[in-house]
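Listed below, chain by chain, are the residues.
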Amino acid sequence: MDSTESFPVRKSVPWRTLDTEALVVDVKGGLLYPLNSVGARIWDLCDGARSVDEIVGVLAAEFAAAETTIRSDAIEFIERLADAKLVSIERRRRGESR
Amino acid sequence: MAERTPRIEVAGFVFGVAGLAAEGRAWVEGRYRPFLSRRAPTFGVHVRASERYRPGRTPRPSVTWNDGCFALASHPSRADGDLTRRRVAFRAGPGPALNPDLFRLLCSFLLMQKGGVLLHASAVVDRGRAWVFSGPSGSGKTTIAGLADDRPVLNDETIALRPSARGWEACATPFYGSGGPAMARVNERAPLRGLCFLRKADRFAHRRLSPSETVSRAFPEVMLPKRDARVTERLLTTLARLAADVPAWELAFAPDTAIWSYLDGLD
């Protein structure tokens, strides 16, 4: 995944934030995905306006962990969300409109 | 002479069941006897034996809902309903005149409209308040119901939870599990004391669940197909409210009547 040109976008699925966690429903599978606080923050940031690079930057500012760790974890998590068809990945150059 | 229409009351809904032949009416009155009611119907069910037998793969139960109209399917029966006119047409297939699976789906759908849920759970009333025990098959719902002694059992398999002016209530249903009809002998309701998600063990243990854990545990146990976005959206709202209002625990338990004193100590 090219983290500067990949823009994750949440699919239009039912979801809720409770406490600091998120609950996301895969309607096609009829399943509920509970996300911990870091997962919930990534989910929230997958709004199509931020690249993966920018999401990593936000997380690095908010969580006390090495940026390299955050980057690999975030990319892996976003790829899992994409595999579950809960997010789509839009590819475009920085500054290009959606 | 006017047709006698059985009335069945579940979780505050009174269903007037019309269109039954004498044999079907007798079956319905026997199957749902503790839940027969004299109150005025709030929802009309018209049964038509028009669904033909179709060999093949059993389709999944389904709920679709569009504005005031809804459609339910639970093989081999289907139902089409109108929320505004408060009526539903059952197309019964071979088998029971009022297919319990489809009737349960109808109750679950209507309960959802009222901000409640039909949960895969047993419930026992202890000193006027209901403990609800949920979990997948084999987790111990019927086992706990069997430990009730003289405490009323609301059901061993299916419990209706609905909000009221006094808080959440647990309501009996006629949809019993492996404990058989003995587990659906009373049509009572009681204020909800707490929700326990079960795990069988050789000793008692518990852990308080956070609201998000409660929703995660309850979601798969709600007796509704969850492949309709509007249904799951509504369901998340209801479960979040339930989790905020009612304490919930993960409960490991041994099959021992000491469970009732153990539950007293939950904080």
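Residues numbered from 1 in each chain as written. Chains lettered and ligands numbered in written order. Predicted model: local features only at pLDDT ≥ 70, side-chain atom pairs only at ≥ 80, totals over all residues.

1. Focus: the overall build of chain A
In step 1: Per the secondary structure count, chain A includes 3 helices and 5 strands.
In step 2: Listing each helix as α and each strand as β along chain A from the N terminus yields β-β-β-β-α-α-α-β.
In step 3: For a compact globule of 98 residues, the expected C-alpha radius of gyration is about 13 Å, and chain A comes in at 13 Å, within 12% of that figure.
In step 4: Overall, chain A is about 35 × 30 × 20 Å in size when its C-alpha atoms are taken along their principal axes.
In step 5: Of all 98 residues assigned to chain A, the portion counted as buried reaches 28%. (Helix = DSSP H or I, 4+ residues; strand = E, 2+ residues; numbered from the N terminus. Rg over C-alpha atoms; globule rule 2.2 N^0.38 Å. Buried ≥ 20, exposed ≤ 12 C-beta atoms within 10 Å, placed from the backbone.)

2. Things to note about the overall build of chain B
In step 1: The helix and strand tally for chain B stands at 6 helices and 15 strands.
In step 2: Here the C-alpha radius of gyration of chain B, 18 Å, is about what a compact globule of 267 residues would show, namely 18 Å.
In step 3: Reported as C-alpha extents along the three principal axes, the dimensions of chain B are approximately 55 × 40 × 40 Å.
In step 4: Counting only residues that meet the buried cut, chain B has 46% of its 267 residues in that class.
In step 5: By sequence separation, contacts in chain B at least 24 residues apart represent 67% of the contacts at least 6 residues apart. (Contact = placed C-beta atoms within 7 Å.)

3. Notes on the nonpolar core
Residues and elements named next belong to chain B.
In step 1: Among the nonpolar cores identified, the biggest contains 105 residues, and Leu106, Leu119, Ala123, Val132 and Ala170 are the most heavily contacted of them.
In step 2: Examining the composition of this core, we find that 9 residues originate from one element, helix H2 (residues 100-113), more than from any other.
In step 3: A domain-level breakdown of this core finds at least three residues from each of domain 1 (7-113) and domain 2 (117-264).
In step 4: Non-local contacts of leucine 106, meaning those with residues more than four positions away in its chain, are made with Leu72, Ala79 and Val88. (Core = buried A, V, L, I, M, F, W, Y, C linked by C-beta atoms within 7 Å. Domains from an automatic or database assignment.)

4. Here we look at the sheet that holds strand E1 (residues 7-10) of chain B
Residues and elements named next belong to chain B.
In step 1: The 7 strands lie next to each other as E1-E2-E3-E7-E6-E5-E4, forming an open sheet whose pairing is mixed. Both edges of this open sheet fall to E1 and strand E4 (62-66), since each of them pairs with a single strand only. Between one strand axis and the next, the sheet turns through 20° on average, direction left out of account.
In step 2: In this sheet, strand E7 (residues 87-91) lies alongside strand E3 (residues 43-48) in parallel orientation, the contact comprising 5 bridges. The partner of histidine 46 across the bridge, within E7, is alanine 89. (Pairing = 2+ DSSP bridges. Axes fitted to C-alpha atoms, helices over the stretch in contact; angles between N-to-C directions.)

5. Points about the domain arrangement of chain B
Residue and element names in this part refer to chain B.
In step 1: For chain B, the assigned domains are domain 1 (7-113) and domain 2 (117-264).
In step 2: Spacing between the C-alpha centres of domain 1 and domain 2 amounts to 24 Å.
In step 3: Counting residues at the interface gives 20 residues for domain 1 and 22 residues for domain 2.
In step 4: Within the residue set of the side of domain 1 that touches domain 2, elements represented by two or more residues are E1, E4 and H2.

6. Some remarks on the packing of helix H1 (residues 37-45) of chain A against helix H2 (residues 52-62) of chain A
Residues and elements named next belong to chain A.
In step 1: Running from N to C, H1 and H2 cross one another at 140°; their axes reach a closest spacing of 10 Å. With respect to their mutual orientation, H1 and H2 come out oblique. As for the relative orientation of H1 and H2, their crossing is right-handed in sense. Here Arg41, Ile42 and Leu45 of H1 lie close against H2, whose contacting residues are Ile55, Val58, Leu59 and Glu62.
In step 2: Residues of the contact of H1 with H2, tallied by class, amount to 5 nonpolar, no polar and 2 charged. (Parallel < 35°, antiparallel > 145°, perpendicular 65-115°, else oblique. Left-handed = near helix turned anticlockwise from the far one by under 90°. Nonpolar A, V, L, I, M, F, W, Y, C, P; charged D, E, K, R; others polar.)

7. Let's talk about the interface of chain A and chain B
In step 1: Listed by partner, the interface residues are 12 residues for chain A and 14 residues for chain B.
In step 2: Contributions of two or more residues to the side of chain A that touches chain B are made by strand E2 (15-18), strand E3 (21-26) and strand E4 (31-35) of chain A.
In step 3: At 3 residues, E3(A) tops the list of elements feeding residues into the side of chain A that touches chain B.

8. What to know about the environment of B:Thr158
All names here are of chain B.
In step 1: If you trace the backbone, threonine 158 turns up in strand E11 (residues 158-164).
In step 2: Measuring from C-alpha to C-alpha, the distance between threonine 158 and arginine 104 comes to 8.9 Å, with 54 residues separating the pair along the chain.
In step 3: In contact with threonine 158, not counting residues within four places along its chain, are Arg104, Leu118, His120, Thr173, Phe175 and Met223.

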